[in-house]
Amino acid sequence: MSFSDTQSTPITINDIPVNIALSDAAIEDGLQIFKGKDISASVEISGSRFVVGQVTKNDIQVFTPQSASTITSPGNYTLELSAKKIERVGAFQNYEIVSDVKPSVVTVMVDRYREAEFTIEPEINFTPKSNFYVGATNLSEQKIILSGPESEISKVKKVKVSANLPGKTDSTISLKLPIDLYDAYDKKIMSETISTSIKEVEVNIPILAKKEVSVIANFENVPYNLDLSKSLVNVSPAKLEIAGPEDTIKNLKTINLDKINLNDVSLQNSNFELPINLPQNCKSLTGVYTAKINFDLSQFKEKNITINKISFKNVPIGKKASVYDNTINVKIIAPANEINNIKSSDITAEIDFYEKTDVTTSVQMPVKFSIHNFKCWVCGEHFVNVRLD
C-alpha cells in the first residue's frame, strides 16, 4: 500500500473565535463591545491530508480588519471578517485558506459601560374580602443594580414586579416574581445586553381579618369586698382594633393585661403603663401596643397602722414559727369615709411556708395581709425575720 502526503485535501475548520480589535483611542474613550463579540466562524483549508489533519481552530485567526479604524463612537457596526494562518514553526504551515470566512460579516454593538440603581416597585393587583386588613407589601430585595450599555440603561425608567390575582383574597399573599424593566412609556424592555444584580424577588402582602377587642386590666392581692370597677380604674384604650389570621382572632374577645399588684398602688403611685401582648402574627391597627391604667383615688386617703397580729400557715412539720419583732408598720389606702374606723385589729398579717421545705432555722419571709370588713389595702411589700425552732 502506498500513501502520498502531497495529495491536496480540503477540510473545514469550525468554531474559530472572532477577534474584534478596538483602537487604543476607543478603549480610552470607554468603548466596549456588548453584542456580537462572542461569535465563532469557519473557513475551509486545503493541503496534504497529513498536514490539514493537524490543523485546529487555534491555528487560524478570524478578525475584522477595519474595526480599529471604523469604531470611534457608540453604535451598531457591520464588520467584514477575514482569516489568516497563525504563524508556526515547521511543516504544519503547508496548507492554504481556500474559502471566505463564514459568516462573512458580523454586526456588533459598541457603547460605554454604565451601572444604575433602581428601587423595585411592586404592582400586585388583587381584591381583598370585606372586613379584611391589607398590610404593607414587603419585598425580599428593595433595590436592584442594572449594568450594561449606556444607551440601553438610559432607556430604563422603572423596575417592577407585577401580578394579577383573580377572585377575592382572605389570606396572606406570598409570591416569587421576576424582575421587569420599563421605559418612560411604561412599555416593557426586553434587552439581551442589560445585566441585573437579581433576577426575582419574593413578595409578601399580609391579608388579615379585623376585629375589635376589649382591653382588660387584671389585679392581684385585691380585698374580696373591693370592686375595681370602671369608676375606680380607667383603662386606655378600653377597646382596640386588631388584625390577624382569621383562625386566631375569630373567637378572641378580650386582651388581658399583666396583673397589677394592688400593694403597688398608692396615692403617689396610681398610674401604670403595661404592654398589650397580642397573639402571634396579630397587630394593632392604631399602632398602640401600650395600655395606660389610672386609679381614681380622689375619694381615698392613706393611714399608717401598726399591726401586731401575725399568723403562720403551712409551718414545716415538727417546727414552731415565731418572729423576732411582733409589730409591723404599714400604710393602708381606704375610702375617706371609712379610714378612721379601721383599727390594727381589723388587719391580719400572715406568713405562708408553702414550698419552703428547705427552711431549717431563720429566714426572711414575705407577709400577706388580710383586711376584714373594709374596702382597703396595704401599700408596698413587707418582710419579717422568722425563726423556726
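Each chain has its residues counted from 1, running along the sequence as written. Only residues with pLDDT of 70 or above have their local features reported here, since the model is predicted, and side-chain atom pairs are shown and tallied only from 80 upward, although totals for entire chains, interfaces and linings are computed over all residues. The basis for every side-chain value is the complete set of heavy atoms in the structure, and neither hydrogens nor water enter the calculation.

Caption draft 1: Local environment of unusual backbone geometry. Here the amide bond leading from Lys102 into Pro103 is cis, since omega sits at 0 degrees, within 30 degrees of zero. Numbering of helices and strands runs from the N terminus; a helix is a DSSP stretch of H or I covering at least four residues, while a strand is a stretch of E covering at least two. Topologically, Pro103 is positioned in the loop between strand E7 (95-97) and strand E8 (105-128). In this chain, Ser236 is followed by Pro237 through a cis amide linkage whose omega measures 5 degrees. Looking at the secondary structure, you find Pro237 in the loop between strand E19 (233-236) and strand E20 (239-244). Positive phi, normally seen in glycine, also occurs at Asn281, with a value near 70 degrees.

Caption draft 2: Up close: the sheet that holds strand E31 (residues 368-371). Here, a strand pair is defined by DSSP locating no fewer than two bridges between the strands. Within the open sheet, the three strands sit side by side as E26-E29-E31. Their pairing is mixed. Strand pairing shows two members of the sheet lacking a second neighbour, strand E26 (310-313) and E31, which therefore form its edges. Each strand axis lies, on average, 30 degrees off the axis of its neighbour in the sheet, ignoring direction. To get an axis, fit a line to the C-alpha atoms, keeping to the stretch in contact for a helix; angles then go from 0 to 180 degrees between the N-to-C directions.

Caption draft 3: Highlighting the layout of surface pockets. The computed volume of the largest pocket comes to approximately 630 Å³. With a 1 Å grid laid over protein atoms only, a set of points is called a cavity when a 1.4 Å probe fits there but cannot get out and a pocket when it is open yet has protein on both sides within 12 Å along at least five of seven lines; lining residues have an atom within 4 Å of a point. Surrounding the largest pocket, 28 residues form its lining, Asn221, Asn263, Val367, Lys368 and Phe369 being those nearest its centre. Every element with two or more residues in the lining of the largest pocket is listed here: strand E29 (347-352), strand E30 (362-366), E31 and strand E32 (377-378). It is E31 that contributes the most residues to the lining of the largest pocket, four residues altogether. Each residue is assigned to one of three groups, with Ala, Val, Leu, Ile, Met, Phe, Trp, Tyr, Cys and Pro labelled nonpolar, Asp, Glu, Lys and Arg labelled charged, and all others, Gly among them, labelled polar. Classifying every residue of the lining of the largest pocket by side-chain character gives 14 nonpolar, seven polar and seven charged. Grid points are joined across faces, edges and corners, and a volume is the space filled by probe spheres set on the points.

Caption draft 4: Quick look at the side chain of Asp346. Mapping Asp346 onto the fold places it in the loop between strand E28 (328-335) and E29. Filtering out sequence-adjacent residues up to four positions away, Asp346 remains in contact with Asn341, Ser370, Ile371, His372 and Phe374. Any two residues whose heavy atoms approach within 4.5 Å are treated as being in contact.

Caption draft 5: Expanded view of the sheet that holds E28. On the basis of which strands lie adjacent, the open sheet formed by three strands has the order E25-E28-E32 and antiparallel pairing. Each edge of the open sheet is held by one strand with a lone partner, namely strand E25 (300-307) and E32. Pairing analysis gives eight bridges linking E25 to E28, with the strands arranged antiparallel. By the bridge assignment for E28, Phe300 is matched with Pro335.

Caption draft 6: Structural context of the state of the cysteines. In this description, the term disulfide denotes a pair of cysteine sulfurs within 2.5 Å. For the structure shown, the criterion picks out zero disulfides. Among the cysteines around Cys376, which has no disulfide bond, Cys379 carries the closest sulfur, lying 10.0 Å off. For Cys376, a relative accessible area of 0% translates into the label buried. Burial status follows relative accessibility: with a 1.4 Å probe on protein chains alone, a residue under 20% of its type maximum counts as buried, one over 50% as exposed, and anything between as partly exposed.

Caption draft 7: Seen up close, the side chain of Ser147. One can find Ser147 in strand E11 (residues 143-149). Among residues more than four places away in sequence, those in contact with Ser147 are Tyr113, Arg114, Glu115, Ile153, Thr193, Ile194 and Ser195.

Caption draft 8: Region of interest: the nonpolar core. Counting residues in hydrophobic clusters, the biggest one holds 56 residues, and the most contacted among them are Ile120, Leu146, Val159, Ile179, Ile293, Phe295 and Trp377. In this structure Phe295 touches Phe219, Leu228, Leu232, Val233, Ile260, Leu262, Val265, Ser270, Asn271 and Phe272, once residues within four positions along its chain are discounted. Here, the term nonpolar core denotes a set of buried Ala, Val, Leu, Ile, Met, Phe, Trp, Tyr and Cys residues that are joined through side-chain atoms within 4.5 Å.

Caption draft 9: Focus on the environment of Ser311. Tracing the backbone through its elements, the reader meets Ser311 in strand E26. On the basis of relative accessible area, Ser311 is assigned to the partly exposed category, the value being 27%. Between the C-alpha atoms of Ser311 and Lys368, which are 57 residues apart in sequence, the distance is 9.9 Å. In this structure Ser311 touches Thr348, Ala349, Glu350 and Ile351, once residues within four positions along its chain are discounted.

Caption draft 10: Region of the structure containing the environment of Arg387. Tracing the backbone shows Arg387 in strand E33 (residues 383-388). By relative accessible area, which is 29% here, Arg387 ends up partly exposed. With 23 residues separating them in the primary sequence, Arg387 and Gln364 have C-alpha atoms 8.8 Å apart. Not counting residues within four places of it along the chain, the set of residues in contact with Arg387 comprises Lys320, Ala321, Ser322, Tyr324, Thr361 and Ser362.

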